[in-house]
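Each chain is listed here by its residues.
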Amino acid sequence: MVTVHVDRAGDRAFSRLNLVVLAGRALGAVPPPAQVLAGIVSVQVGAALAKQLFGAVGSVGTVALRLFFAAVVLLVVWRPSLRLDRRAWAVVAGYGVVLGVMNLCFYLALARIPLGVAVTIEFLGPLAVAIGGSRRWLDGLWALLAGTGVVVLTEGRGDLHLVGILFALAAAACWGCYILLSAALGRHTTDGGGLALGMVLAAAVVVPVGVLDSGTALLQPWVLLVGCGVAMLSSVIPYSLELEALRSIPPKVFGVLMSLEPAVAALVGLVVLHEALGPLQWLAILLVVAASVGATRTAGAAR
């Protein structure tokens, strides 16, 4: 997750990402919708790969590895300046803490409930931001539809762990705050410097906890290699694909495509992790996807 998506920080934060420039020609040959879908798949495969590490280093150790390697990559790419005013540092600090807690909560949820269920619940965060404060009856309908989806998901949860659901809800709340802080980060910092500093702070929050929890197990070569792969699949690759797609398609179309993420997560969980969901759980995921698509397509109308 350092997603949307498990890490998304807004268009301005990534506007000059060097990796996108280097891969621009190759990516340009791929249709933009396919780029977005590939980015979604990359994030979810990264989450599935991360789950494979839980047996070796636990969920806390895994998220520590992801944030550490993501921070290293972003520092190398952006080489951020430390010359920020107090207000900018306050935003960066808040962003970093929320980013770290969001990823930690998501991975703790992922250790207890299926990937598709965790992502569906977490998706309530950006959906709440999209329709929050609106007085239109249509936005109320999308909220009701999403709420119904979550109720169906939890009522038909079978052996789903309640603590896992609560961690996913906490991750959703953090994702909503993360989106708002990302906008503030774009206003107070330039390019991806603020993102890189925020990622470093997120790693500073989580890595010590991961070291205490997992110890020297984190230093196994294969664990480090997989951890680096998780960071690449969950951060660098999807960022590059999404930004290239945004060059060619409107943000609203992009948002609709991103609404498919819960369904893709459920499919990746089924194929990669063999996490089979029941009919009611699939129905719940589709309700949340429909609510997100509807909220995205009608955003800004009659305002």
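Summarised in this report is the structure supplied together with it. (Residues numbered from 1 in each chain as written. Predicted model: local features only at pLDDT ≥ 70, side-chain atom pairs only at ≥ 80, totals over all residues. Heavy atoms only, no water.)

**Here we look at the overall build of the protein**
Defined as follows: Helical segments are the DSSP runs of H or I of at least four residues, strand segments are the runs of E of at least two, and each set is numbered from the N terminus. Note on classification: 1.4 Å probe, protein chains only; a residue is buried when its accessible area is under 20% of the maximum for its type, exposed when over 50%, partly exposed between these limits. Only the protein chains shown count as cover for residues, with accessible areas throughout obtained via the Shrake-Rupley method and a probe of 1.4 Å.
When its secondary structure is counted, the protein shows twelve helices and zero strands. Starting at the N terminus and walking to the C terminus, you meet the elements of the protein as α-α-α-α-α-α-α-α-α-α-α-α. The buried share of the protein, reckoned over its 303 residues, is 53%. Carbon and sulfur atoms provide 69% of the accessible area of the protein, an area that totals close to 13100 Å².

**Structural notes on the layout of surface pockets**
Note the following rule: Residues are said to line a cavity or pocket when one of their atoms sits within 4 Å of a point; the points come from a 1 Å grid over protein atoms alone, cavities being sets where a 1.4 Å probe fits but cannot get out and pockets being open sets with protein on both sides within 12 Å along at least five of seven lines. Grid points are joined across faces, edges and corners, and a volume is the space filled by probe spheres set on the points. Classes in brief: Ala, Val, Leu, Ile, Met, Phe, Trp, Tyr, Cys and Pro nonpolar; Asp, Glu, Lys and Arg charged; the others, Gly included, polar.
Estimated volume of the second largest pocket: approximately 160 Å³. Taken together, A64, L65, F68, F69, V207, V211, G215, L218, L219 and L224 make up the full set of residues lining the second largest pocket. Going through the elements one at a time, α2 (32-78) and α8 (193-214) are the ones with two or more residues in the lining of the second largest pocket. Among the elements that line the lining of the second largest pocket, the one with the most residues is α2, at four residues. Each residue belonging to the lining of the second largest pocket can be placed in one class, and the counts come to nine nonpolar, one polar and no charged.

**Thoughts on the nonpolar core**
This is how it is decided: Buried Ala, Val, Leu, Ile, Met, Phe, Trp, Tyr and Cys residues that are joined via side-chain atoms within 4.5 Å together make up what is termed a nonpolar core. Any two residues having at least one pair of non-hydrogen atoms within 4.5 Å are treated as being in contact.
Grouped together as the largest cluster of nonpolar side chains are 75 residues, with contacts concentrated most on V36, F106 and L115. Considering every element that reaches this core, the biggest residue donor is α2, with 18 residues. Leaving out residues up to four positions away in the same chain, L115 has contacts with Q44, A47, A48, K51, F106, L110, A265, V268, G269, L273 and E275. Core analysis: the second largest hydrophobic core is formed by six residues, L127, I131, A146 and A295 among them.

**Remarks on helix α11 (residues 261-272)**
This is how it is decided: In this analysis, the expected span of each helix is defined as 1.5 Å times one less than the number of residues it contains.
Taking 1.5 Å per residue as the helical rise, α11 with its twelve residues ought to reach 16 Å, and the 16 Å between its terminal C-alpha atoms agrees with that figure. Residues E261, P262, A263, V264, A265, A266, V268 and G269 constitute the buried set of α11. Those residues of α11 that are buried lie in contact with α2, α4 (115-122), α7 (162-188), α10 (251-258) and α12 (279-298). Just past α11, the residue H274 takes up positive phi, approximately 60°.

**A word on the packing of aromatic side chains**
In plain terms, the rule: Centres within 6.5 Å make a pair out of two Phe, Tyr or Trp rings, where for Trp the six-membered ring is used; the pair is then stacked when the planes are under 30 degrees apart, edge-to-face when over 60, and tilted otherwise.
Going through the model one piece at a time under the given rule, you end up with five aromatic pairs. Plain terms: the ring middles of F106 and Y107 are 5.9 Å apart, the flat faces sit at 70° to each other, and that makes the pair edge-to-face. This pair shows no difference in class: F106 is buried, exactly as Y107 is. An aromatic cluster is present here, built from F54, F106 and Y107 joined pairwise through their rings.

**What about the packing of helix α5 (residues 124-131) against helix α6 (residues 137-155)?**
The following threshold applies: A fitted line through C-alpha atoms represents every axis, and for helices the fit uses only the stretch in contact; the resulting angles, taken between N-to-C directions, go from 0 to 180 degrees. Roughly parallel means an angle under 35 degrees; roughly antiparallel, over 145; roughly perpendicular, 65 to 115; everything else is oblique. Note: crossing handedness is left-handed where the near helix turns anticlockwise from the far helix by less than a right angle, and right-handed where it turns clockwise.
Contact geometry for α5 and α6: axes closest at 10 Å, N-to-C directions at 165°. Judged by the angle between their axes, α5 and α6 are roughly antiparallel. Of the two possible hands of crossing, α5 and α6 adopt the one that is left-handed. Taking contact as the criterion, the partners of L124, L127 and I131 in α5 are, on α6, D139, A143, A146 and V150. When its residues are assigned to classes, the contact of α5 with α6 shows six nonpolar, no polar and one charged.

**What about a nonpolar patch on the surface?**
How we decide: To count toward a patch, a residue needs a relative accessible area above 30% and no salt bridge. Like charges then connect within 9 Å, nonpolar side chains (Val, Leu, Ile, Met, Phe, Trp, Tyr) within 5 Å. Basic side-chain nitrogens of Lys or Arg form a salt bridge, by our definition, when they fall within 4 Å of a carboxyl oxygen of Asp or Glu.
A cluster of nonpolar residues, L267, L270, V271 and V272, forms a patch on the protein surface that exposes about 340 Å² of accessible area. For L267, the position within the fold is in helix α11. Look at L267 and you get partly exposed, because its relative accessible area is 46%.

**Thoughts on the packing of α2 against α10**
The contact between α2 and α10 brings their axes to 10 Å, and the two run at 40°. The pairing of α2 with α10 is recorded here as oblique in orientation. Where α2 crosses over α10, the two elements pack in a sense that is right-handed. Counted together, P33, V36 and I40 of α2 and F254, L257 and M258 of α10 form the full contact between these two elements. Partitioned by chemical class, the residues of the contact of α2 with α10 number six nonpolar, no polar and no charged.

Geometric values such as these leave the question of function open.
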